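Observations on the model geometry
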Amino acid sequence: MFLDRVKITIKAGNGGNGSTSFLRNAMTAKGGPDGGEGGNGGSIIFQSTQNLNTLYDFRFHKKFVAGDGENGAKKLQSGANGKDVVIKVPCGTVIIDAETNKIIADLYEDNMEYIALKGGKGGHGNAYYKSSIKQAPHYSQTGEVTKAREVILELKTIADVGLVGFPNAGKSTLLSCISNANPKIANYPFTTLYPNLGVCEVKGQTFVVADIPGLIEGASEGQGLGHYFLKHVERVRLILHLVDISQSEGRNFLDDYEIINNELKKYSEDLAQTEQVIVFTKADLVDENTLNERLNSFTKKYNKDYILISSATYQGIDKLKLLTLEKLSKIPKKPPLQVEEINFDKRDYDSLTITRDDEGAFVVSGGKIDNFVRGVVLSDTRSFAYFQNRLLEMGIIDMLKAKGLKNGDTVKIKDIAFEYSE
Ligand SMILES: Nc1nc2c(ncn2[C@@H]2O[C@H](COP(=O)(O)OP(=O)(O)OP(=O)(O)O)[C@@H](O)[C@H]2O)c(=O)[nH]1
Ligand SMILES: [Mg+2]
């Protein structure tokens, strides 16, 4: 089973709560605040590895949640940080924000890392809030609660060379001749159902070759297996365009050549512009006269270089390997995909909105409020005083007044409602 596109859910860990606690023991009559800090949540990290070739592992495992930070405790004990989750993906995996469809990372090389979501911050314990004017703060901060997000993982294989051609053109056979790969080979169309990769070694140097399912006329409209798998040759530097010169399938080889080029063009101009080596296959199946006739007709029509091979007799195979290596030495690697300049893990600590509800109450909401309310435990009158003070300091009371707030009006902030009095 080959899987090259999958949607998964990821969530960083929540921050642990800070603790509200006071030192109490036989020696200390009136101890100071000793509530420790909450631990930070774990992060979600993607890591590319050469050891994977597909996204198969994600078939059933689609949800990844990093560990929550532990709560702080008395005696200034900090909570432990939550465990990170490292998600391994094959090289060439592109990460897309499912909400905006924008590319947020391209892990095109081995061992690249992308921190998609940082863990939620741990809350401060009450010891943190101690100051010369506030000896005994009765409040601590809850940990930051993170949101689950969806991303799409799309594999766009990274190879130097792509094999393209009609079904049965001999792509997989060639791959098995020139590389360490062992693809399935058979005398029926669509033997190859998903891409195969092979490493080819020539003169002590190596390059990676991708063999993909065959294309037919109308692939771009979904005929055959369609052009779905062309994304796996989108990033190659060189295409070996295989054309069966023996015409063993009963088609004209010149038409074949033209049709495949058209399909490449319909997929993307970029792919159509990728340098090609034209490879005529199955030379062993044609007598010399017919062969010369066909080669002449090709030259007459296109006047392009080509190479003639047979994977059965190895005719032209060494020449093809050397030519490929030589061409590759002159073609630079394709750059990674353009990553959109969006901050995927953006946290809202600043937004603030004031609206009126049906009962005329003033409703204050937004990221600024969410973040601030974390520091308030409302069962406690002392922290309520702190809460009101901070509303003043943050200018929120002034903003409410500007919206018409008067004595006796109700203000609602998260699940807190209170009557305003000057
Ligand atoms: N005589 C001869 N037969 C070949 C040669 N190359 C491939 N074949 C045969 O052609 C048939 C198709 O070969 P494959 O390598 O599976 O073709 P493919 O292009 O990978 O085909 P799909 O995976 O279906 O797209 C097989 O029966 C091969 O044995 C060759 O050079 N000479
Ligand atoms: Mg094949």
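Quick note: structure is the one above.
Everything quoted here is computed from the prediction, not taken from an experiment. Sequence order sets the numbering: in each chain, residues are counted from 1 along the sequence as written. Chain labels run from A onward and ligand labels from 1 onward, assigned in the order the entries are written. Local features are withheld for residues below a pLDDT of 70 in this predicted model, meaning they are given only at 70 or higher, and side-chain atom pairs are given and counted only at 80 or more; totals for whole chains, interfaces and linings count all residues. Derived side-chain values reflect all non-hydrogen atoms in the structure, with water molecules and hydrogen atoms excluded from consideration.

Overview of the packing of aromatic side chains
Stacked, edge-to-face and tilted are the three classes for Phe, Tyr and Trp ring pairs, Trp counted by its six-membered ring, which pair at centre distances within 6.5 Å; planes under 30 degrees apart are stacked, over 60 edge-to-face, the rest tilted. Tallied over the entire structure, the rule returns 13 aromatic pairs. Geometrically, the ring pair formed by Phe298 and Tyr302 is tilted, given 5.1 Å between the ring centres and 35 degrees between the ring planes. Remark: Tyr302 and Phe298 occur in helix H4 (residues 288-302); sequence separation between them is four residues, near one turn of the helix. Comparing Phe298 with Tyr302 shows no difference in burial state: the two are buried. Comment: the charge-over-ring label is applied if NZ (Lys) or CZ (Arg) is within 6 Å of the ring centre and within 35 degrees of the ring normal. One Lys or Arg, Arg149, reaches over the ring of Phe344 and ends 4.2 Å from the middle of that ring. In this structure, Arg356 packs its charged tip against the face of Phe362, placed 3.9 Å from the ring centre. In this text, helices come from DSSP runs of H or I with a minimum length of four residues, and strands from runs of E with a minimum of two, each type numbered from the N-terminal end. Three labels apply to residues, based on accessible area from a 1.4 Å probe with only protein chains included: buried if under 20% of the type maximum, exposed if over 50%, partly exposed otherwise in between.

Here we look at the side chain of Asp211
Positionally, Asp211 belongs in strand E11 (residues 205-211). Note that His is not counted, nor are the chain ends; the positive residues are Lys and Arg, and the negative ones are Asp and Glu. Only one rule defines a salt bridge in this text: a Lys or Arg side-chain nitrogen within 4 Å of an Asp or Glu carboxyl oxygen. Despite its burial, Asp211 pairs with no opposite charge, the nearest such side chain being Lys171 at 5.5 Å. As used in this structure description, the phrase polar contact means that two N or O atoms lie within 3.5 Å; if the pair is within protein, one of them must be able to donate a hydrogen and the other to accept it, and residues adjacent in sequence are counted only when both atoms belong to side chains. Within the structure, the side chain of Asp211 is placed 2.7 Å from the side chain of Ser172, a separation counted as a polar contact. Here, residues are in contact when the closest pair of their heavy atoms is within 4.5 Å. Apart from the residues lying within four places of it in its own chain, the contact partners of Asp211 are Leu163, Lys171, Ser172, Leu175, Pro183, Thr192, Tyr194, Pro195 and Asn196.

Side note on the sheet that holds strand E14 (residues 307-308)
Note: strands within a sheet are paired through backbone hydrogen bonds, in either parallel or antiparallel orientation. Think of it this way: DSSP has to see at least two bridges between two strands before they count as a pair. Taken together, six strands build an open sheet; the order of strands is E10-E11-E9-E12-E13-E14 and the sheet is mixed. The open sheet is flanked by strand E10 (196-202) and E14, the only strands paired with a single partner. Relative to strand E12 (residues 238-244), strand E9 (residues 161-165) is paired through five bridges, and the arrangement is parallel. Looking across to E12, one finds that Val164 is bridged to His241. Axis geometry follows a simple rule: fit a line to the C-alpha atoms, using only the stretch in contact for helices, then measure angles between N-to-C directions, giving values from 0 to 180 degrees. Each of E9, E10, E11 and E12 touches helix H1 (residues 171-178); the most contacted strand, E10, lies at about 40 degrees to it. Of the strands in this sheet, E9, E12 and strand E13 (275-281) touch helix H2 (residues 253-267), which is tilted by about 145 degrees from E12.

A closer look at the coordination of the magnesium ion (ligand 2)
For Na, K and Ca the donor cutoff is 3.2 Å, while for all other metals N, O and S atoms count as donors only within 2.8 Å; water does not appear among the atoms, so some sites may look incomplete. The magnesium ion (ligand 2) binds to the protein through Ser172 (OG) and Thr192 (OG1); the donor distances cover 1.9 to 2.1 Å. One end of the pair, Ser172, is in helix H1; the other, Thr192, is in the loop between H1 and E10, with 20 residues separating them in the sequence. Thr192 gets classed as buried once you look at its relative accessible area, which sits at 10%.

Focus on the side chain of His241
Relative to the assigned elements, His241 resides in strand E12. Leaving out residues up to four positions away in the same chain, His241 has contacts with Val164, Tyr257, Ile260, Asn261, Gln276, Val277, Ile278 and Val279.

Some thoughts on the pairing of strand E1 (residues 5-11)
Where burial is concerned, most of E1 is hidden: five out of the seven residues are buried. Bridge count between E1 and strand E3 (residues 63-65): three bridges; the pairing is parallel. Residue pairing in the sheet places Thr9 in a bridge with Lys63 of E3.

Concerning the sheet that holds strand E7 (residues 113-117)
Judged by pairing direction, the sheet is mixed, and its three strands sit side by side in the order E4-E2-E7 without closing on themselves. Looking at which strands have only one partner, the edges of the open sheet turn out to be strand E4 (85-90) and E7. Adjacent strand axes in the sheet meet at a mean angle of 30 degrees, parallel and antiparallel pairs treated alike. Pairing of strand E2 (residues 44-49) with E4, which is carried by six bridges, proceeds in the parallel orientation. For Ile45, the partnering residue across the bridge sits in E4 and is Val86.

Thoughts on the site of ligand 1
The nearness test applies per residue and asks whether one of its heavy atoms lies within 4 Å of the molecule or strand. The immediate surroundings of ligand 1 are formed by 23 residues, with Lys171, Thr173, Phe190, Thr192 and Ser311 found nearest. In the environment of ligand 1, an oxygen atom lies 3.1 Å from a nitrogen or oxygen atom belonging to the backbone of Ala169. Interatomic distance of 2.4 Å between a side-chain N/O atom of Thr173 and an oxygen atom of ligand 1. The protein chains shown are the only cover counted for residues, whose accessible areas, like all others here, come from Shrake-Rupley with a 1.4 Å probe. For ligand 1, whose accessible area on its own is 650 Å², the fraction buried by protein is 87%.

Some remarks on the layout of surface pockets
Definitions used for this entry: grid spacing 1 Å over protein atoms alone; cavity, a set of points where a 1.4 Å probe fits but cannot get out; pocket, an open set with protein on both sides within 12 Å along at least 5 of 7 lines; lining residue, one with an atom within 4 Å of a point. Grid points are joined across faces, edges and corners, and a volume is the space filled by probe spheres set on the points. If you add up the space inside the largest pocket, you get close to 700 Å³. In terms of lining, the largest pocket is formed by 25 residues, of which the most central are Cys91, Tyr108, Ile158, Ala159 and Val208. Secondary structure elements with two or more residues in the lining of the largest pocket: E10 and E11. Sorting elements by how many residues they give to the lining of the largest pocket places E11 first, with three residues. Here the bounds of each domain stem from an automatic or database domain assignment. Structurally, the lining of the largest pocket is a two-domain feature, drawing no fewer than three residues from each of domain 1 (1-155) and domain 2 (161-330). Approximately 590 Å³ is the volume found for the second largest pocket.

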